[in-house]
Amino acid sequence: MTILFADISSFTKISSSLDPEDTCAVLQQFFSIVDSVIERYGGTIDKHIGDAVMGLFGAPIAHADDPLRAVKAAAEIHEQVDILEESLPHPFKVHIGIAAGEVVAGGIGDDERAAYTVIGDSVNLAAHLQEHAGARETVISQAVHSSVAGYFVCDPFVMPDALPNGQKAWLVRSAKSGLDNAAVEPIVGRERELRHLEALLESARMEKRGEALLIRGEPGIGKTRLVQEFQRLAQQRGYSNHCAQVLDFGAATGQDAIRIIVRSLLGIAETSPKERRAEEIAPLLARGFVGTEAVPFLYDLIEAPAPPDVAMRYDAMDNATRLAGKRATLCRLISDAAADVPLMITVEDLHWAQSVTLDYLAEILDGITNQPVVVLMTSRLEGDPAVGAWRNGLRGVGLFAMNLNPLGEKAAVQMATQYLGKSTKFVRDCITRADGNPLFLQQLLRSADDQGGQHLPATIQSLVLSRMDRLSRPEKKALQAASVAGQRIDQRMLDHLLGASGFDTGPLLDSQLMRADHDDLVFTHSLIRDGVYSSLLKHSARDLHNRAAAFYETRDPILHAEHLDKASDPAAASAYLEAARGALVEHHTSQAMLLVDRGLAVSTTAPVSYALQILKGDIHQAIDQNTEAVKAYKAALELAGPESEKCVPIIGMVRSMRDGHQLKDSLKLLTTAQDIATRLNQPAYLAQIHAQRGNLYFPRGQVDACLEEQKQSLQHAIAARSPKLEAEALSGLGDAEYMRGRMAAANVHFTDCVKLCEQHQFLANQIPNLALRGLTHFYCGLPETCIADCERAIEMAKGAHQLRAELVARTALAPALVEMAEFSRAHVQSQSASDVIEALGAHRFLPQCLAFKAKIAQAGGQDQKAIAFAHDAVRLSEQSDAGRSFTGPWAYGTLAIVCDDDTTRQNALATGRKLLEDGCVSHNHFWFYRDAIEAQLRSGDWLSALADAEALKSYIAAQPIRWAEYYITIAQIVCGAQLEGMSDDRIVQASSLRAAMEQARLQLAVRRLLDDTLPAARRVRG
Ligand SMILES: Nc1ncnc2c1ncn2[C@@H]1O[C@H](COP(=O)(O)OP(=O)(O)OP(=O)(O)O)[C@@H](O)[C@H]1O
Ligand SMILES: [Mg+2]
């Protein structure tokens, strides 16, 4: 049952300004309005309480549409009270609350008008909602909302106190277009289809199982009509409806079907401006809806401007992360919404959908397997995605495809009789001509008034044309102008196209070729729009599209470009370029790509094509399509006019040429670009050219050459006053110094880089460099700073979903914690590091990770586990040359520490030393020698330990680092003491070393080396 409370706003104020008699009269008028409206909508009056009315819908007989009737009644009450107010000297408004649910009904009380009354929670709720509704507002409960959401635009309404069971309240805004407002004739035929859907609705709701249905058929065959019927059935079964349509033309980003669904799920009003949306959903988010990690993606999906910190994090993500995040957020949104009520999500006209939209839909179908969600889709046969790769790629719930056939004879007759009452020869002719296509039949029947059944046009198009001919010239012109805008046009745009304001749209509506929807005029069917459009002569169409383009120039860059395109205006290509750039700023990558391609298709001038190809290369590169990126940059290079235009495409090409065999070509290209940039004195290009060359040398181990290039890059970046290029060069320099083991120098570069990134908010660059700064702090003997940097980098990386930076930070943090004997914290890090490695597929980091795990296991007394981890580390690093030089000696060193027999230890150490000689990334030198010293001191191999300490010393000779020096000194003191005895000098040395190492928090080494291997250690401590 649905309960409605209507109450006069500030009644005491009104009554105090009137004499009692007038008050009584106003009250009488008010009651008579409310009573009659409620009764007209099939409700009953339960009682009058003071100045309030309580109405019931669904008593004594319940109807499926009780809530809808109640909300419609409320809307009309407000309207009628507005009229009453005009005759009064003071403001007069009502506020209304509506709730629905189980109630106890019966003959309670003896009021003469109430045959019975109701009691229950819903009654209290309705009264409570009404109390908080403002003047001229209707506030409805969750249950009512889910029944009327398809018909009324509603906004979330914040109650001052929480409602029972975490229910939401909603404020009714306005009646929606579509379903109920467009006079929809009763559906004919389609019984089988309807039965099938009823079964789907039941099973989805009862068994909490997702269902997906695609309705396919020719234009005008009745897909949309069937969808409307399905939505009505779904609504009766308590489903909440969310629908959107893919548009073929005139579809700016705001109209994107998926975004419409998202807004609908969140209860964001259709008319809500972008700036207000975040505020509107704040209460939902505060309740934990979708979860905090989804927030950055949600801003993009609802197209609301994000707060600066969120926007910065979002910008720092790569494209794939953003896309995956948005898809996951959509799925989460659906499952959270489906936890309250079953959902029916409708997306119409997939034949016009772009691949992004289809990908989202595939993701939805994959996500709803165990949710009470029905996804309903429609498509024409031409362009049907369900015959292509898309359908084969679907996972999750199976897609059921339903082909819609022409209406049968019986249904057609029934439809005709609905229109014209009886079957005449004209009707029979129409039925034959329409051949079961309901749209055609309907239009033919409508033409009866105009033509008296003279002759029947052969196609919908010719039919539309003949009906158009009955209109006056200005009306016909207006109709044609409207068709240029697409299926929907608003008054402002129509005025603009006609060059005059105040056009009377009445006759267009009377013709039933168009209908009104809020402030818009809408063609009653897209085929009617197509028919009208086809009647335009080429030059008039062009002229109108040009006018439309001018209208959109400052309003919508995409529509601006599309209209110029349709006007065959040569400016279209550069308009597409602008639109694509805008889309890219918003991270709408696939849309940007479509716009670029469209621009290229119409571009007639080299400079515009050049710019479009560059942009195309940049987009491909952003989504890791390197081969395509190279192609686009190459095309741009061929289009380049002056020499100065050659540098950008060359740099782009080299950046995308990831294939190892292309080194020679890449270097040659860079030389060409460098010649040009030097001649033209372009430091920004030079900075990039040197950086690229450095990047080519780096993975080939040519450290000195790499360093030289990065230095040059830095100088040019400073000359170009480009902090971005400067930060990149610093990062490159840090990497190169790291590679050759100059950790202090690397640390300085990373520190400068991070500082610059912080200043200019280059988050994407800041995070990895912060992690590297942390890592190098460790080698410089500053473990605390290392931890602080790494922890911050991890947190930031998680916020921006930068897995790679997170991995660097965790793999730096874990060994630092092991050195500090903080094993449980180290364990957590190594676990998380493995997860990230898995997620990234970055398996070359695995041996490192296993090496820490081995030491952690050993510290926990799990010797066998430690040995197994170390063997795994060795095995994995041995799988490739790259693996060996990246972590081979590191793994062997660890094996030497944890293994329990001399042979294994000695073999491991010998292999590690050999690999170091062959050339390895610097961290291997540090960790191998560190571990070799420990292993040998513990096994009493003093001379070998000393030799390794010497080797480490000479490795760091060029730039000593504190952490390595501690181990060298330990080896010297311990071996000296063991070989020559514990002199007083050594005692002093050992105790100052211990103090320094404790200060540096190298607890593990203090314990395992100083305490355990020094003779008469007690004396040292004492
Ligand atoms: N079974 C039906 N009973 C009554 N009217 C119908 C039926 N099927 C379709 N119609 C009417 O025919 C017209 C065309 O139908 P509809 O818009 O549903 O076609 P469609 O298949 O969605 O076409 P398109 O591919 O162009 O979107 C509509 O006005 C609709 O109300
Ligand atoms: Mg349709």
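Remember, it's a predicted structure, so these values are computed and weren't measured experimentally.

Caption draft 1: Examining the packing of helix α25 (residues 572-585) against helix α26 (residues 589-602) more closely. Interaxial distance between α25 and α26 falls to 8 Å at its minimum, and their mutual angle equals 170°. By the angle class used here, α25 and α26 are roughly antiparallel. Mapping the contact onto sequence places A572, A573, Y576, A579, A580, A583 and L584 in α25 and T589, Q591, A592, L595, V596, R598, G599 and V602 in α26. Residue composition of the contact of α25 with α26, by class: 11 nonpolar, 3 polar and 1 charged.

Caption draft 2: Region of the structure containing the nonpolar core. Ranked by internal contacts, the top residues of the largest apolar core, which has 112 residues, are Y779, F926, L937, W963, I970, M997 and L1014. In terms of residues, this core owes the most to one element, helix α45 (residues 962-980), which gives 11 residues. Look past the residues within four positions of L937 in its chain and what remains in contact with it is W942, A945, I970, A971, V974, C975, L1009 and T1013. The next biggest cluster of nonpolar side chains, apart from the first, holds 49 residues, and it includes L301, A353, Y360 and V373.

Caption draft 3: Looking closely at the packing of helix α30 (residues 663-679) against helix α31 (residues 683-697). Closest axis-to-axis distance for the α30/α31 pair is 9 Å, and the angle between their directions is 160°. Comparing their axes, α31 and α30 come out roughly antiparallel. Note that α30 runs across α31; the crossing there is left-handed. The segment α30 lies against α31, with L663, S666, L667, L670, T671, A673, Q674, A677 and T678 engaging Y685, L686, I689, H690, Q692, R693, L696 and Y697. When its residues are assigned to classes, the contact of α30 with α31 shows 10 nonpolar, 6 polar and 1 charged.

Caption draft 4: Broad picture of the side chain of T589. Its place among the elements puts T589 in helix α26. When neighbours within four sequence positions are excluded, T589 is seen to be in contact with N319, L584, I619 and I623.

Caption draft 5: Up close: the site of ligand 1. The immediate surroundings of ligand 1 are formed by 21 residues, with K223, T224, R225, R380 and H525 found nearest. Take I221: an N or O atom from its main chain is 3.3 Å from an oxygen atom of ligand 1. H525 places a side-chain nitrogen or oxygen 3.0 Å from an oxygen atom of ligand 1. Breaking the shell around ligand 1 down by element, the ones donating at least two residues are α7 (223-236) and α17 (438-451).

Caption draft 6: Spatial organisation of the pattern of salt bridges. What the rule picks out here adds up to 57 salt bridges. Close ionic contact of E85 with K93 constitutes a salt bridge, the shortest N to O distance being 2.7 Å. A relative accessible area of 21% places K93 in the partly exposed class. The salt bridge involving E791 is made with R825; its shortest N-O contact spans 3.1 Å. Separated by 34 residues along the polypeptide, E791 in helix α36 (residues 783-799) and R825 in helix α38 (residues 823-840) bring together distant segments of the chain. One network of salt bridges, with partners in common, ties together E819, K855, R930, D931, E934 and R1008.

Caption draft 7: Inspection of the pairing of strand β9 (residues 169-175) at higher detail. Summarising the sheet, strand β7 (residues 138-141) and β9 pair through 3 bridges and their orientation is antiparallel. Residue pairing across strands places S141 opposite A169, the latter belonging to β9. Bridge count between strand β8 (residues 152-157) and β9: 6 bridges; the pairing is antiparallel. Paired with C154 across the bridge in β9 is V172.

Caption draft 8: Region of interest: unusual backbone geometry. Positive phi outside glycine occurs at K208, with the angle close to 45°. Position of K208 relative to the elements: it lies in the loop between α6 (191-206) and β10 (211-216). Of note, N681 is a non-glycine position whose phi angle comes to about 50°, a positive value. Summarising the element assignment, N681 is placed in the loop between α30 and α31. With a relative accessible area of 59%, N681 lands in the exposed category.

Caption draft 9: Highlighting helix α35 (residues 763-779). For α35, spanning 17 residues, the distance from its first C-alpha to its last is 25 Å, which sits close to the expected 24 Å at 1.5 Å a residue. A positive backbone phi angle near 85° is found at G781, which sits one or two residues after α35.

Caption draft 10: Local environment of the packing of aromatic side chains. Counted under the stated rule, the structure contains 16 aromatic pairs. Between F845 and F886, the aromatic rings sit 5.5 Å apart at their centres with planes inclined by 80°, giving edge-to-face as the arrangement. With F845 in the loop between α38 and α39 (846-859) and F886 in helix α41 (residues 881-898), the pair connects residues that are 41 residues apart, well separated along the chain. Taken individually, F845 and F886 each receive the classification buried, so the pair is uniform in this respect. Measuring from centroid to centroid gives 5.6 Å for F928 and Y929, while their planes differ by 70°, and the two rings are edge-to-face. A relative accessible area of 10% places Y929 in the buried class. Cation over ring: R322 sits above Y314, and NZ or CZ is 5.6 Å from the ring centre. If you follow R844 out to its NZ or CZ, it ends over the ring of F886, 4.0 Å from the centre.

Rules of the game
Numbers given to residues run from 1 along each chain, matching the order in which its sequence is written. Here the convention is simple: chains get letters from A, ligands get numbers from 1, in the order in which they are written. Owing to the predicted nature of the model, reporting of local features is limited to residues with pLDDT of at least 70; listing and counting of side-chain atom pairs is limited to 80 or more, with chain, interface and lining totals taken over all residues. Think of the side-chain values as coming from all heavy atoms in the structure, minus any hydrogens and water. Fitted lines through C-alpha atoms give the axes, limited to the stretch in contact for helices. The angle between two N-to-C directions lies from 0 to 180 degrees. Numbering of helices and strands runs from the N terminus; a helix is a DSSP stretch of H or I covering at least four residues, while a strand is a stretch of E covering at least two. For classification purposes, angles smaller than 35 degrees are called roughly parallel, those larger than 145 roughly antiparallel, those between 65 and 115 roughly perpendicular, and all remaining angles oblique. Should any heavy atoms of two residues lie within 4.5 Å, those residues are counted as being in contact. In the scheme used here, Gly and all other residues not listed as nonpolar or charged are polar, with Ala, Val, Leu, Ile, Met, Phe, Trp, Tyr, Cys and Pro taken as nonpolar and Asp, Glu, Lys and Arg as charged. Buried Ala, Val, Leu, Ile, Met, Phe, Trp, Tyr and Cys residues form a nonpolar core when they are joined through side-chain atoms within 4.5 Å. Residue burial is assigned from relative accessible area. The probe radius is 1.4 Å, only protein chains are included, and a residue is buried under 20% of its type maximum, exposed over 50%, and partly exposed in between. Should the near helix be turned anticlockwise from the far one by less than a right angle, the crossing is termed left-handed; should it be turned clockwise, right-handed. Proximity is defined per residue: any heavy atom of the residue falling within 4 Å of a molecule or strand makes that residue near it. Any N or O atom pair separated by 3.5 Å or less is treated as a polar contact, with the protein-specific requirement of one donor-capable and one acceptor-capable atom, and with residues adjacent in sequence counted only for side-chain atom pairs. Definition used for salt bridges: Asp or Glu carboxyl oxygen within 4 Å of a side-chain nitrogen of Lys or Arg. At least two DSSP bridges between two strands are needed for those strands to be called paired. In a helix, the anticipated span is given by 1.5 Å times the number of residues less one. Only rings of Phe, Tyr and Trp enter the pairing, Trp through its six-membered ring, and a pair is recorded when the two centres are within 6.5 Å. The plane angle decides the type: under 30 degrees is stacked, over 60 is edge-to-face, the rest tilted. As a reminder, the over-ring test applies to NZ of lysine and CZ of arginine, requiring each to be within 6 Å of the ring centre and within 35 degrees of the ring normal.

By themselves, these figures tell us nothing about what the structure is for.
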